[in-house]
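Each chain, written out:
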Amino acid sequence: MSLVLGLLSHTLGRVLWYSGLRRGCHAPRKQAMEQDKALEVYDIIRTIRDPEKPNTLEELEVVTESCVEVHEIGEDEYLVIIRFTPTVPHCSLATLIGLCLRIKLQRCLPFRHKLEIYISEGTHSTEEDINKQINDKERVAAAMENPNLREIVEQCVTEPD
C-alpha cells in the first residue's frame, strides 16, 4: 500500500510540476507561453515586404525568430521587443522598416502589449537616432499622417494574396 501511495504521490507531483500548478513552479508554463507569443509575433512580421526589394523581411534575414522577445508584464499584458537587422550598415530605409514593424504589430497583435523596436546593436551607423524615432509615438503618428509614407507602409504590411 505504501508503495502505491508513494508512486501516486510521485506521479501527481510530476504532473503538477509540468503543468506549472505546483507552488513556485510557474516558470516553465510562463516561459512556454512567452515563447508561443514570440512565435505569434514573428509570424505576423515575417511577411512584411522590404520597401525597395521584392522580398520579405524574413527572406532578407532582417527579422528572424531569435529577434523577437516577449515578456509578461501584467495580467494578460506583454512587453514585445523586436531587434531587427538592416541589410547594410548605412541602410537609408531602416526607419521605414521599423515603422512598418510597428504599424503591422499595432494592427495585428491579438493581445495587449507594449512594443519596443530596436535596430540590432552594431548593425547600423545611426542606430541610436533611428531607435528613438521608431519608439516615439508622436513621430510615428506624424509619419503616418504623410500620405506618401502611409502608402509605402501599406504596400509593405499588406499580406500578399
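Keep in mind the model is a prediction, meaning the values are calculated, not measured.

### Some remarks on the packing of helix α3 (residues 94-108) against helix α6 (residues 147-157)
Then, in step 1: At a minimum axis distance of 10 Å, the contact between α3 and α6 shows a crossing angle of 65 degrees. What the angle tells us is that α3 and α6 run roughly perpendicular. The interaxial crossing formed by α3 with α6 has right-handed handedness. Listed contacts from α6 to Leu96, Leu99, Cys100, Ile103, Lys104 and Arg107 of α3 are Leu149, Ile152, Val153, Glu154, Cys156 and Val157.
Then, in step 2: Here the contact of α3 with α6 is built from residues that sort into nine nonpolar, no polar and three charged.

### A few points about the packing of α3 against helix α4 (residues 127-134)
Then, in step 1: Between α3 and α4, the least distance of the axes is 10 Å, while the angle of their chain directions is 30 degrees. Taken together, the axes of α3 and α4 are roughly parallel relative to one another. Relative to α4, the crossing made by α3 is right-handed. Side by side, α3 and α4 meet where Ala94, Thr95, Gly98, Leu99 and Arg102 of the first sit next to Ile130, Gln133 and Ile134 of the second.
Then, in step 2: In the contact of α3 with α4, the residues fall into four nonpolar, three polar and one charged.

The rules behind the values
- Residues numbered from 1 in each chain as written.
- Predicted model: local features only at pLDDT ≥ 70, side-chain atom pairs only at ≥ 80, totals over all residues.
- Heavy atoms only, no water.
- Axes fitted to C-alpha atoms, helices over the stretch in contact; angles between N-to-C directions.
- Helix = DSSP H or I, 4+ residues; strand = E, 2+ residues; numbered from the N terminus.
- Parallel < 35°, antiparallel > 145°, perpendicular 65-115°, else oblique.
- Left-handed = near helix turned anticlockwise from the far one by under 90°.
- Contact = heavy atoms within 4.5 Å.
- Nonpolar A, V, L, I, M, F, W, Y, C, P; charged D, E, K, R; others polar.

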